Amino acid sequence: MTRKKILVFRELPPDQLARLQAAHDVTVADPRQPAQRPLFDAALAKAHGVIGSSFRFDAALIQHAQHLEVVSSISVGVDNYDLGALHARGIVLCHTPGVLDETVADTVFALLMATCRRVVELSQLVREGHWTRNIGEDLFGTDVHGKTLGLLGFGRIGQAIARRAALGFGMPVLYHARHAVDLASQAPELQGKAEHTPLATLLARSDIVVAMLPLTHTTRGMVDAQLFSAMKPGAFFINGGRGATVVEADLLAALDHGQLCAAGLDVFTTEPLPLASPLRTHPRVTPLPHIGSATHDTRHAMAALATRNLLQALAGERPEAAYPTAPAT
Ligand SMILES: NC(=O)C1=CN([C@@H]2O[C@H](COP(=O)(O)OP(=O)(O)OC[C@H]3O[C@@H](n4cnc5c(N)ncnc54)[C@H](OP(=O)(O)O)[C@@H]3O)[C@@H](O)[C@H]2O)C=CC1
Ligand SMILES: O=CC(=O)O
């Protein structure tokens, strides 16, 4: 088979890098490091395939990549790629669905628990030497078990969160998505436990609202002031999807006006979260540095799937996990 040119734009585990190097000519260059940017640009101009994550491939960059055949993202979310520009050039886009669902659901549930039970704040109190007597009511948390969970997005990860909530914590689950999921065939364990509802019903009835949405033109800014004001007074809000699905100024206002009790956020509109962002230090926000899938096992499984996708596509085979770039009809 002809050796092709591959650009690796984020660190790959050594075993996966070796698989690529055995078959193709590989350049490793991280465009986020200024010293490596010239190498990245030069390699991109010649690359047939690229693999990595957390870097925006806009139309201009795709235009620069004149020989590009395949983009293999080490992520399930594909909002970093200009789908129209990829489609126009016939470039295959691959991603990593499925292998991270349970890990991301664990993270989101940990964040949900930490937010409702004030775990981080109270741990900080101990670390700072303020545990000098039993805590008082002002520091009590809110029960999670038995509360109603509202899920915005009920895909692979949303359903994994719903299983934890319904089966482990006895929580009735309401979900909002454009299409109802056939629970009998796709998630029989959630039959009678998860209900597809209109958005207004979900917001009015949920004690805890979790957003697990992809970032698309239909979801950008979807969680806004109107949506916060339709939530139960004192509800909790968790975002494990993408930061820009939320209007962050509206989230801050909802917290400050007492509409929301607290928020747990793994994702932000700008990442890493700027030091000046009020979400970083807000007393009722639990921020995490986008760690949904960040375990050794899962990040390795994602890198391995992305590597297989790339090798398959470069060999002219159908990749295990291609993402459709054609505009929805
Ligand atoms: N924090 C982290 O580290 C991670 C974050 N993520 C993020 O989570 C996202 C979801 O992942 P995954 O569950 O695998 O994706 P899926 O594609 O399986 O699920 C997406 C869900 O969102 C729903 N949805 C899409 N658009 C809308 C809309 N306009 N209104 C209402 N619902 C909508 C879909 O339903 P329908 O089409 O019927 O509307 C579906 O239920 C990823 O795209 C990524 O951005 C993923 C992994 C890790
Ligand atoms: O945010 C992570 C992803 O896989 O998407």
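Residues numbered from 1 in each chain as written. Chains lettered and ligands numbered in written order. Predicted model: local features only at pLDDT ≥ 70, side-chain atom pairs only at ≥ 80, totals over all residues.

Further remarks concern the nonpolar core. In terms of nonpolar packing, the biggest core is built from 95 residues, with Val108, Leu151, Ile161, Val210 and Leu260 touching the most fellow members. Composition of this core by domain shows at least three residues from each of domain 1 (5-99 + 296-323) and domain 2 (101-287). Residues in contact with Leu260, not counting those within four places in the same chain, are Phe228, Met231, Ala235, Phe237, Ala254 and Leu255. (Core = buried A, V, L, I, M, F, W, Y, C linked by C-beta atoms within 7 Å. Buried ≥ 20, exposed ≤ 12 C-beta atoms within 10 Å, placed from the backbone. Domains from an automatic or database assignment. Contact = placed C-beta atoms within 7 Å.)

In this section: the UniProt feature "domain: D-isomer specific 2-hydroxyacid dehydrogenase NAD-binding" (unreviewed entry) in the chain. When the UniProt feature table is mapped onto this chain, "domain: D-isomer specific 2-hydroxyacid dehydrogenase NAD-binding" (unreviewed entry) is found at residues 109-292. End C-alpha to end C-alpha, residues 109-292 measures 10 Å, and it is 33% helix and 16% strand. (UniProt positions renumbered as here; feature names shortened; annotations may be inferred. Helix = DSSP H or I, 4+ residues; strand = E, 2+ residues; numbered from the N terminus.)

A few words on the site of ligand 1. Taken together, 30 residues lie near ligand 1, and Gly77, Gly155, Arg178, Pro214 and Gly292 sit nearest. Counted by class, the shell around ligand 1 contains 12 nonpolar, 14 polar and four charged residues. Looking at the shell around ligand 1, you find at least three residues from each of domain 1 (5-99 + 296-323) and domain 2 (101-287). (Near = placed C-beta within 6 Å. Nonpolar A, V, L, I, M, F, W, Y, C, P; charged D, E, K, R; others polar.)

Turning next to the domain arrangement of the chain. The domain architecture assigned to the chain consists of domain 1 (5-99 + 296-323) and domain 2 (101-287). If you average the C-alpha positions of domain 1 and of domain 2, the two centres end up 31 Å apart. On the domain 2 side, the residues contacting the five residues of domain 1 number six residues. Tallied by class, residues from the side of domain 1 that touches domain 2 come to one nonpolar, three polar and one charged.

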